[in-house]
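Read off the chains here:
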Amino acid sequence: MGCCSGRCTLAFICGMQLVSVLERQVIDFLGYQWAPILTNFLHIIVVILGLFGTIQFRPRYVTGYAAWLVMWMTWNVFIICFYLEVGDLSRLVGFIYACYVVKLISEEEDSFDFIGGFDSYGYQGPQKTSHLQLQPMYM
C-alpha cells in the first residue's frame, strides 16, 4: 500500500465532490428547482477551480476553494438543521413568514369600490325603477 500525498487526497476529494454535485444537478433539473441548479453550477465551477489549483500548485485557487467549502458546508448544515427543526430555527422562520403574511393582509386593496360595492364594472349611478319621486316628510 502506498501513501497518498496531500495533493492526491485533495484531488480525490474534489473529484468526489464533482461527481456528487453533478448527480444532485441532474435531480434538480428533473424537479425544475432553479435556485439549487444555479448554486450547484456555481459549486461546480469552484470545485473545478480548486481541482485546477491543486494540480497546478496555485495557492490562491486552493485558498478560495477552502473558503468556499467552509461556506458551502455551513449552508448545508443550516439547511439540515432547518429541516430537522433543530433549536429555534422553525420559530425564527415562522416569525418571518408571519410578518410577510401580515404585510400582505395589510396592503391597501384597490378592488373595493366604496360607492358601488364590489361592482367590477365601476360606478353606474342609481337606477330609477318607477316614475315616483320620493319626497322627504317633515313633521
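In this text the structure is predicted, and so the values were computed from the model without any measurement.

So, the packing of aromatic side chains
Inference 1: Applying the stated rule across the entire model yields 4 aromatic pairs.
Inference 2: A centroid spacing of 5.6 Å and a plane angle of 55° characterise the contact between Phe-52 and Tyr-61, whose relative ring orientation is tilted.
Inference 3: Judged by its relative accessible area of 37%, Phe-52 falls in the partly exposed class.
Inference 4: The exposure class of Tyr-61 is partly exposed, given its relative accessible area of 36%.

As for helix α2 (residues 34-55)
Inference 1: If you check α2, its first and last C-alpha atoms are 32 Å apart, about what 22 residues at 1.5 Å a residue would give, namely 32 Å.
Inference 2: The complete set of buried residues in α2 reads Ile-37, Asn-40, His-43, Ile-44, Val-46, Val-47, Gly-50, Gly-53 and Thr-54.
Inference 3: Residues of α2 that are buried sit in contact with α1 (6-30) and α3 (59-83).
Inference 4: In the stretch just after α2, Phe-57 is the one whose phi turns positive, near 55°.

So, the packing of α2 against α3
Inference 1: Where α2 meets α3, the axes come as close as 8 Å, and the angle between the chain directions of the two elements is 145°. The crossing of α2 and α3 is left-handed. For the pair α2 and α3, contact is made by Thr-39, Asn-40, Leu-42, His-43, Val-46, Val-47, Leu-49, Gly-50, Phe-52, Gly-53 and Thr-54 and by Tyr-61, Val-62, Tyr-65, Trp-68 and Trp-72, respectively.
Inference 2: Each residue belonging to the contact of α2 with α3 can be placed in one class, and the counts come to 10 nonpolar, 6 polar and no charged.

Concerning the environment of Leu-10
Inference 1: Structurally, Leu-10 can be placed in helix α1.
Inference 2: Relative accessible area serves as the criterion here: at 23%, Leu-10 is assigned to the partly exposed category.
Inference 3: It is 9.5 Å that separates the C-alpha atoms of Leu-10 and Val-62, two residues lying 52 residues apart in sequence.
Inference 4: With sequence-adjacent residues up to four places away left out, Leu-10 is seen in contact with Thr-54, Val-62 and Tyr-65.

Brief notes about a nonpolar patch on the surface
Inference 1: On the surface, Phe-41, Ile-45, Leu-49, Phe-52 and Tyr-61 cluster together to form a nonpolar patch covering roughly 440 Å² of accessible area.
Inference 2: In terms of residue count, the dominant contributor to the nonpolar patch is α2 (4 residues).
Inference 3: By the element assignment, Leu-49 lies in helix α2.

A short note on unusual backbone geometry
Inference 1: A positive phi is found at Phe-57, a non-glycine position, where the angle reads about 55°.
Inference 2: By relative accessible area, Phe-57 is classed as exposed at 59%.

Description of the nonpolar core
In a soluble, globular protein the nonpolar side chains are often hidden away together inside.
Inference 1: Judged by nonpolar contacts, Cys-14, Leu-18, Val-21, Ile-44, Val-46, Val-47, Tyr-65, Trp-68 and Trp-72 together constitute the single largest core of 9 residues.
Inference 2: Only α1, α2 and α3 provide two or more residues apiece to this core.
Inference 3: Excluding residues that lie within four positions of it along the chain, Leu-18 makes contacts with Ile-44, Val-47 and Ile-48.

Quick look at α3
Inference 1: Counted at 1.5 Å a residue, the expected span for α3 with its 25 residues is 36 Å, and the 36 Å between its end C-alpha atoms agrees.
Inference 2: Turning to α3, its buried residues number three or more, namely Tyr-65, Trp-68 and Trp-72.
Inference 3: Along its buried surface, α3 packs onto α1 and α2.
Inference 4: Immediately beyond the C-terminal end of α3, within one or two residues, lies Glu-85, with a positive phi of roughly 55°.

Criteria and cut-off values
Residues numbered from 1 in each chain as written. Predicted model: local features only at pLDDT ≥ 70, side-chain atom pairs only at ≥ 80, totals over all residues. Heavy atoms only, no water. Phe/Tyr/Trp six-rings, centres within 6.5 Å; stacked < 30°, edge-to-face > 60°. Buried < 20%, exposed > 50% of the residue type's maximum accessible area, 1.4 Å probe, protein only. Helix = DSSP H or I, 4+ residues; strand = E, 2+ residues; numbered from the N terminus. Expected span 1.5 Å × (residues − 1). Contact = heavy atoms within 4.5 Å. Axes fitted to C-alpha atoms, helices over the stretch in contact; angles between N-to-C directions. Left-handed = near helix turned anticlockwise from the far one by under 90°. Nonpolar A, V, L, I, M, F, W, Y, C, P; charged D, E, K, R; others polar. Patch = residues over 30% accessible without salt bridge, like charges linked within 9 Å, V, L, I, M, F, W, Y side chains within 5 Å. Areas by Shrake-Rupley, 256 points an atom, 1.4 Å probe, with all protein chains shown as cover. Salt bridge = Lys/Arg side-chain N within 4 Å of Asp/Glu carboxyl O. Core = buried A, V, L, I, M, F, W, Y, C linked by side-chain atoms within 4.5 Å.

These figures come from the coordinates and say nothing about function on their own.
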